[in-house]
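Structural overview
Residues per chain, in single letters:
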Amino acid sequence: MTRRAAVLLGLISGITLAALSAGDRPVAVGAQAFASTRPVSVDYASAMGAFNPYVFGTMAAPYFDAAGYPLTQAAGFRLVEVGMNIPVPSNPSEPAQYDFTLLDQQVSAVLGIGAEPLIWFAPSGMPADLTGYATYAQNVAKHLTQGWGSGYSWNVKLFRFGNEPDNVAYWTGTQTDFFQTYAAWALALKAVNSAFILDTPGLMNAHGTTGPDSLSTWVTNFLSYAQTNGVPIDYFSIHGYSPVPYSTFYNNFRLVQAELQKYPTLSPLYGTPRLANDEWNTMVGDLWSGSYHAQFDTAWVAAHNIVALINMVEQGLQLSIRYGGTFNGGTGGCHDFLLTDCNGAGKPVYYAFKGFNQLAGTTRLSTTGTDHMNFAAMAGKSADQVTVVLSNYDVATYLNTYEPAGSPSWALYNVFVSLFGAPAVYDSFSLNLTNLPWTAADSITYERYVVDDQQQLALVESQQMGGSSTLAFTKAMTAPSVQVVRLSRAAAPAPSVGGIAEPPDVTALPARAAPPSDPDLAPYVAGAAAAVALL
């Protein structure tokens, strides 16, 4: 058994999922779930602040391929993770000992599409010379932002440290070793620019084994260490891989967000550290398992990913890196977990993210309808426009199709059913929008777009209607699928959000403004397949 699966099974055997308040309990209908209509409500008058642009993130890995960047831009991603794979030189103060070629190419490409890079440092153990490592980290940052080593004055400010230190494949030392290495790195970067934004630790697992609401000691000990020693943390990140959204993408993030509230001064930028997930997906891919998983090419992963992301955002997530971007079929070969296929064309999940990313730049609206398992809804408003993203998933059908009996994912699902009953499944939604600023004199354009195994964010319905303070729609929605509903007042018509059939020409893409100031993947080490499970 692989390490990730063993850890998950241990957690399942040692915990019972927390009971929720009556208002938050998952919708369940007993042992047998029958298709029903999911009610969704959006309150235009209840604004929740602008979406953080860092929520709309992906990665430039597992290799550099310039052909992927136009697709990343076309999908509307605002954040792209870039691996910092330059080895620590023998003399960290000597520019000639650094080869910045690949890093510079990637950062330049990310900035060129109007996105922001997240620079990732991922040592596998505590350096023998922490002072030298700190100097190395500073000089990388100075190269990107202050011209050091024939570098640049780019507006790069977001840096990540660590990758699953609770996984022996990626960290060979103790907790204290990791904490001290992070401290040296973090303090060194803040000394270069106090406005740098630091993201850590990227834990494989957040949940503990001592109770329904327990947390891993990696979470609690790290936060305590940072507080005691004056070590800044701006974004606190955990990872998630599971086709079962409730436990991994709802409950874990609920627990960590609550823990972060105990540290209101730990981030010099935000006070309380912000919640992040800088690596997640339905399951790990062929690079670790050794086999290609067909579900990545279907709408199942599309629906799952959007349900998972909405669940995390609802629990306070402000930075997301979906594992697997738009870089496939190039010099690194063909892989299953990416957003594009081996010919560089978008999969259903690509178009699902293109739909979700329409929320970038909008103000989030209070929305109900997410059930933490099979259905999720999220909405935003901008001038004269409301956008609603809906995702319909069916965990049991996915597991019956793709998971062997007795797998960790089935164990998680069965724990959920034992507590709440079988999750409801849906074949339609009823959308009710209230407190809209429109009158009968306004001309409103209603549009509905669909992502499934046949449609690539296709416009399936469009009509003109008079305005009203309340509008309601009931529509069919198959599982798995993702839908985007958009309402626009005629004074400010919006461009189509339809999908693209082929990779666009870079020169044809419109320039996008840089994201607001706040809102390579370094290849995993050899033997990583022995540390990651198929979840």
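Everything numeric in this text was worked out from a predicted model, so none of it was measured. Residue indices begin from 1 for each chain and proceed along its sequence in written order. In view of the model being predicted, local features appear only for residues whose pLDDT reaches at least 70, and side-chain atom pairs are presented and counted only at 80 or more, with totals across whole chains, interfaces and linings using the full set of residues. To get the side-chain values, all heavy atoms of the structure are used, and hydrogens and water are removed first.

The next thing to look at is the overall build of the chain. Across its full length, the chain carries 12 helices and 18 strands. Here the chain holds 535 residues, and 61% of them are scored as buried. When the accessible surface of the chain is totalled, it reaches about 18,100 Å², and 52% of it is carbon and sulfur. Going along the chain from the N terminus, every DSSP run of H or I of four or more residues is numbered as a helix, and every run of E of two or more is numbered as a strand. Exposed residues in this analysis have more than 50% of their type's maximum accessible area, buried residues have under 20%, and partly exposed residues fall in between, with area computed by a 1.4 Å probe over protein chains only. Here the Shrake-Rupley method, with its probe set to 1.4 Å, supplies the accessible areas, and only the displayed protein chains count as covering residues.

Here the focus is the confidence of the model for the chain. pLDDT measures the predictor's confidence residue by residue and takes values from 0 up to 100. Here the chain averages 88 in pLDDT, while 85% of its residues score no lower than 70. Working rule for contacts: check all heavy atoms of both residues, and any pair within 4.5 Å makes them a contact. A low-confidence stretch, residues 12-25 (pLDDT under 50), is modelled with 33 contacts involving residues beyond four sequence positions or located in other chains. Across residues 27-32, where pLDDT falls below 50, the model places 16 contacts with residues more than four positions away in sequence or in other chains.

Turning our eyes to something else, we now look at the state of the cysteines. By convention in this document, the label disulfide applies to cysteine sulfur atom pairs within 2.5 Å. Evaluated as defined, the whole model comprises one disulfide. Bridging cysteine 334 to cysteine 342, the disulfide has an S-S length of 1.5 Å.

Turning to the pairing of strand β11 (residues 363-368), a few remarks are in order. Pairing analysis gives five bridges linking strand β1 (residues 35-50) to β11, with the strands arranged antiparallel. Counted as the bridge partner of serine 41 is threonine 368 from β11. For two strands to be treated as a pair, DSSP must find at least two bridges joining them. Summarising the sheet, β11 and strand β12 (residues 375-382) pair through three bridges and their orientation is antiparallel. Within the sheet, the bridge partner assigned to leucine 365 lies in β12 and is alanine 379. Where β11 hands over to β12, the hairpin turn is made up of six residues, of which glycine 369 adopts a positive phi near 135 degrees.

Each aromatic pair joins two rings of Phe, Tyr and Trp (for Trp, the six-membered one) with centres within 6.5 Å, and gets the label stacked for planes under 30 degrees apart, edge-to-face for over 60, and tilted for any other angle. Tallied over the entire structure, the rule returns 45 aromatic pairs. Ring geometry for tyrosine 246 versus phenylalanine 420: centroids 5.7 Å apart, planes at 65 degrees, classification edge-to-face. Placement of tyrosine 246 in helix α7 (residues 245-260) and of phenylalanine 420 in helix α12 (residues 408-420) is noted, with a sequence separation of 174 residues between them. Considered together, tyrosine 246 and phenylalanine 420 belong to a single accessibility category, that of buried residues. Between the aromatic rings of tyrosine 398 and tyrosine 402, the centroid separation amounts to 5.1 Å while the plane-to-plane angle is 45 degrees, which identifies the pairing as tilted. Separated by four residues within a single helix, tyrosine 398 and tyrosine 402 lie in helix α11 (residues 395-402), roughly one turn from each other. Judged by relative accessible area, which is 0%, tyrosine 398 ranks as buried. You can call tyrosine 402 partly exposed: its relative accessible area is 27%.

Sheet strands associate in pairs through backbone hydrogen bonding, adopting either a parallel or an antiparallel arrangement. Strands sit in the order β16-β15-β18-β13-β12-β11-β1-β14-β17 across an open sheet of nine strands; the sheet is mixed. Where the open sheet ends on each side, the last strands, each with one partner, are β16 (456-466) and β17 (471-476). Recorded for the sheet is a direction-independent mean angle of 20 degrees between the axes of neighbouring strands. Axis lines are fitted through C-alpha atoms, for helices just across the contact stretch, and the angle between N-to-C directions can take any value from 0 to 180 degrees. Along the sheet, helix α9 (residues 299-314) contacts β11, β12, β13 (385-392) and β18 (481-489); its crossing angle with β12, the most-contacted strand, is approximately 65 degrees. Seen against the sheet, helix α10 (residues 348-356) touches β12, β13, β15 (443-451), β16 and β18 and runs at an angle of roughly 35 degrees to β16.

What follows is about unusual backbone geometry. Each neighbour pair has its own omega, and for threonine 200 with proline 201 the value is -5 degrees, a cis peptide bond. As for its placement among the helices and strands, proline 201 is situated in strand β6 (residues 197-203). The linkage connecting alanine 479 with the following residue, proline 480, adopts the cis geometry, with an omega of 5 degrees. Positive phi is not limited to glycine here, since serine 150 has a value of about 55 degrees. By secondary structure assignment, the location of serine 150 is in the loop between α4 (130-145) and β5 (158-161). The exposed category is assigned to serine 150, whose relative accessible area is 72%. Within the chain, histidine 372 stands out as a residue other than glycine whose phi angle is a positive 70 degrees.

With that settled, the discussion passes to helix α6 (residues 217-229). Spanning 13 residues, α6 covers 17 Å between terminal C-alpha atoms, matching the ideal 18 Å at 1.5 Å per step. Within α6, burial applies to Trp218, Val219, Phe222, Leu223, Tyr225 and Ala226. Down the axis of α6, the buried set is contained in an arc of 160 degrees. They therefore lie on one face. On the buried face of α6, the contacting elements are α5 (175-192), β6, β7 (235-238) and α7. Here the expected length of a helix is defined as 1.5 Å per residue gap, with one fewer gap than residues. Directions from the helix axis toward the C-beta atoms define the arc.

Moving on, we come to the nonpolar core. Within this scheme, the nonpolar core is defined by two criteria: the residues are buried Ala, Val, Leu, Ile, Met, Phe, Trp, Tyr or Cys, and they are joined through side-chain atoms within 4.5 Å. By size, the foremost hydrophobic cluster in this structure holds 130 residues, and its most contacted members are Leu103, Ile119, Phe121, Phe159, Trp185, Phe236 and Phe356. Per element, the largest residue contribution to this core is 11 residues, and it comes from α9. Once you skip the residues sitting within four places of it in the chain, isoleucine 119 turns out to touch Val82, Met84, Leu103, Val107, Leu144, Val156, Leu158, Phe159 and Arg160. In terms of nonpolar packing, the next biggest core, distinct from the first, is built from 25 residues, Phe429, Leu431, Leu436 and Ile444 among them.

Two quantities define a packed helix pair, namely the angle between the axes and the distance from one axis to the other. One can describe the packing of α9 onto α10 by two numbers: an axis separation of 7 Å at closest approach and a directional angle of 30 degrees. Regarding α9 and α10, the two cross each other, and that crossing is right-handed. Between α9 and α10, the contacting residues are Ala299, Val301, Ala302, Asn305, Ile306, Leu309 and Ile310 on the first element and Pro348, Val349, Ala352, Phe353 and Phe356 on the second. By definition, turning the near helix anticlockwise from the far helix through less than a right angle yields a left-handed crossing, and turning it clockwise yields a right-handed one.

Take the pairing of β13 next. Regular strands show a simple pattern: their side chains alternate between the two faces of the sheet. Among the eight residues that make up β13, eight are buried, leaving the element largely enclosed by the rest of the structure. Neither face of β13 is open: one carries Gln385, Thr387, Val389 and Ser391, the other Val386, Val388, Leu390 and Asn392, and all of them are buried. Relative to β13, β12 runs antiparallel, the two sharing eight bridges. Among the inter-strand pairings, alanine 376 is bridged to a residue of β13, identified as serine 391. Here β12 hands over to β13 after two residues, with aspartate 384 in that stretch at a positive phi of 60 degrees. Where β13 meets β18, eight bridges bridge the pair, whose relative direction is antiparallel.

What makes a salt bridge here is a side-chain nitrogen of Lys or Arg within 4 Å of a carboxyl oxygen of Asp or Glu, nothing more. The final tally for this structure, using the stated rule, is 12 salt bridges. Here arginine 489 ties to aspartate 384 by a salt bridge, and the two come within 2.4 Å at their closest N and O atoms. Of this pair, arginine 489 sits in strand β18 while aspartate 384 sits in the loop between β12 and β13, and the two are 105 residues apart along the sequence. Looking at arginine 489, the relative accessible area reads 24%, which means it is partly exposed. Salt bridges here are not isolated pairs; linked through shared partners, they connect Glu81, Arg160 and Asp278.

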